[in-house]
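Examination of the molecular architecture
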Amino acid sequence: MAGEIAFMGRQHVSQREIVAFAAERVNLPKEKADEFRAQARRLRERLEGYLAEHPDFTLRKMLLSGSLAKGTALRSLNDIDVACYIGGVNAPRDAAALLDYLAARLRKAFPNFSPNQIQPQTYSVTVSFRGSGLDVDVVPILYDGDPLWYGDLVSQDDGSLLRTSIPLHLDFAAKRKQRHGKHFAQVVRLAKFWARRMKAEREGFRFKSFMIEMVLAKLCDDGCSFDDYAEALLSFFTYIAVSDFRERIVFGDYYRPSGAGPLPDEVQIIDPVNAGNNVARLYTAANADAIVEAAQDAGDAIDAALAAPTKHETVAYWQKVFGPSFQA
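The structure reproduced in this document is the subject of the present report. Just so it is clear, the structure is predicted and the values come from calculations on it, not from any experiment.

Topic: helix H5 (residues 95–109)
End to end, H5 covers 21 Å across 15 residues, agreeing with the expected 21 Å (1.5 Å per residue, within 8%). For H5, the full list of buried residues reads Ala95, Leu98, Leu99, Tyr101, Leu102, Ala103, Arg105, Leu106 and Ala109.

Some details on the side chain of Thr58
Within the secondary structure layout, Thr58 lies in the loop between helix H3 (30–53) and strand S1 (59–65). Assessed through its relative accessible area of 17%, Thr58 is described here as buried. Leaving out residues up to four positions away in the same chain, Thr58 has contacts with Tyr85, Ile86, Gly87 and Gly88.

Structural notes on the packing of helix H6 (residues 166–180) against helix H8 (residues 209–221)
Running from amino to carboxyl end, H6 crosses H8 at an angle of 45°, the nearest separation of the two axes being 11 Å. When the axis of H6 is compared with that of H8, the two are oblique. Between H6 and H8 lies a crossing whose hand is left-handed. Facing H6, whose interface residues are His169, Phe172, Arg176, Arg179 and His180, H8 presents Phe210, Met214, Ala217, Cys220 and Asp221. Residue classes in the contact of H6 with H8 are distributed as five nonpolar, two polar and three charged.

What to know about the pairing of strand S7 (residues 161–165)
Judged from the five bridges that link them, strand S6 (residues 150–154) and S7 form a sheet pairing that is antiparallel. Paired with Tyr150 across the two strands is Ser165, which belongs to S7. The loop that links S6 with its antiparallel partner S7 comprises six residues; one of these, Gly159, has a positive phi angle of about 80°.

Topic: the pattern of salt bridges
The final tally for this structure, using the stated rule, is 21 salt bridges. The residue Lys32 makes a salt bridge to Glu35 at a minimum N-O spacing of 3.4 Å. Remark: Glu35 and Lys32 occur in helix H3; sequence separation between them is three residues, near one turn of the helix. Here the salt bridges share partners, and the residues they tie into one network are Asp171, Lys175, Arg176, Arg179, Asp221 and Asp253.

Regarding the environment of Gly87
Looking at the element boundaries, Gly87 is found in the loop between strand S2 (79–86) and H5. By relative accessible area, which is 2% here, Gly87 ends up buried. With 29 residues separating them along the chain, Gly87 and Thr58 place their C-alpha atoms 5.3 Å apart. Filtering out sequence-adjacent residues up to four positions away, Gly87 remains in contact with Thr58, Arg60 and Tyr143.

Some remarks on empty space enclosed by the protein
Inspection of every chain in the model, using the stated rule, returns one cavity of 30 Å³ or more. Together, 13 residues line the largest cavity, and Lys70, Ala173, Phe184, Glu213 and Met214 are the ones closest to its centre. Ranked by residue count, the leading element in the lining of the largest cavity is H6, at five residues. Of the residues in the lining of the largest cavity, the class split is seven nonpolar, two polar and four charged.

Scoring rules and cut-offs
Residues numbered from 1 in each chain as written. Predicted model: local features only at pLDDT ≥ 70, side-chain atom pairs only at ≥ 80, totals over all residues. Heavy atoms only, no water. Helix = DSSP H or I, 4+ residues; strand = E, 2+ residues; numbered from the N terminus. Expected span 1.5 Å × (residues − 1). Buried < 20%, exposed > 50% of the residue type's maximum accessible area, 1.4 Å probe, protein only. Contact = heavy atoms within 4.5 Å. Axes fitted to C-alpha atoms, helices over the stretch in contact; angles between N-to-C directions. Parallel < 35°, antiparallel > 145°, perpendicular 65-115°, else oblique. Left-handed = near helix turned anticlockwise from the far one by under 90°. Nonpolar A, V, L, I, M, F, W, Y, C, P; charged D, E, K, R; others polar. Pairing = 2+ DSSP bridges. Salt bridge = Lys/Arg side-chain N within 4 Å of Asp/Glu carboxyl O. 1 Å grid on protein atoms, 1.4 Å probe; cavity = no way out; pocket = protein on both sides within 12 Å on 5 of 7 lines; lining within 4 Å. Points joined across faces, edges and corners; volume = space filled by probe spheres on them.

Here is the structure:
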C-alpha cells in the first residue's frame, strides 16, 4: 500500500516535471552561457593584446572558473569568474596591492572603460561591461611555475592568500560529472536553487554553493544515484540532517585524506585541492543548525510529496522546497 501511495505522488509530479521546472526556472540557458563564455573570451583576447605590448605584466594563464566553467550555473547568474595566473618578480605579494596591480593593468588594456567599470573588490577585480550588463570577476592568482597550476589567490573569507589550483578544481568536478552524465550537475543546480531561496526567506541563512557541491561530491563518491532527481535531493537533505552537518568531508583525489589533520572547526569541509583549507571554517554552530533545520524541512516536504494522494497536494509540497514558481 505504501508503494502505491508513493507511486501516486510520482504520477502527479514525475522526473519529467522536475526536469521541465529546472529548464524553465533553474538552469542558465545555453544561449546565455555561450554569451557569457564569449564575453570571457573577449576579455582574455584583450588582455593578450595588452601583454604583447607590455611584457613586464607576466600573465601565465587565464581560465574560466566558477559555476559557469563547471556547468552548475543558475539562471540568476549575472557575473562570471575568470582566474588570472600572474607570475614575475614585480607582482605584489600583498593581497590588496595585488588587486590594485591587476586593476591598473586592466584599465590600460581597456582604455575606453571609465574608472568605475574596473574596480578592485575584496578578492577580485570586477570588470563591468555596460552593453551586456555582465560583470566579470577577474581573480588574480600568484603563480610560481607549479606544474599542477597551484598558486595563491585572495581568499573570499578574509582576504588572505590561499593556495589553490583552478585546473584541479575543474578536474575534480569533471570526474563527478562523468560518472553521472548530465545528472550530477543538474542536482547541484537544484540544490543551489533551494539554498538561494532559503537565503532570501530565512534571516542569517548561509550555505556556500561550493559547500553544496562538496556535499554532493561526497554522496557521489559514496555511490548515490543522481538520475532520479527527487531521490537524489532526498539523499542530500537526509545526509545533512542525519550527520547534523558535523561530519568531516574530505577527498583523496590529490592528497591523502589524513593529511588534513585535526581541526577545531564546527563544520569541516576540506578543500579537495588543499588539505590545509577548511572551506567551512567560518560556519558557526548556529549556521550549521540553520542548515540542518532547513534540510529537515525540505526532506520532509519531498517525502510528503512522494506520498501525496492528489496533484494539488503534491505540487504544494514541492513548493515548500522550490517556492511558488514550481508548477506542474
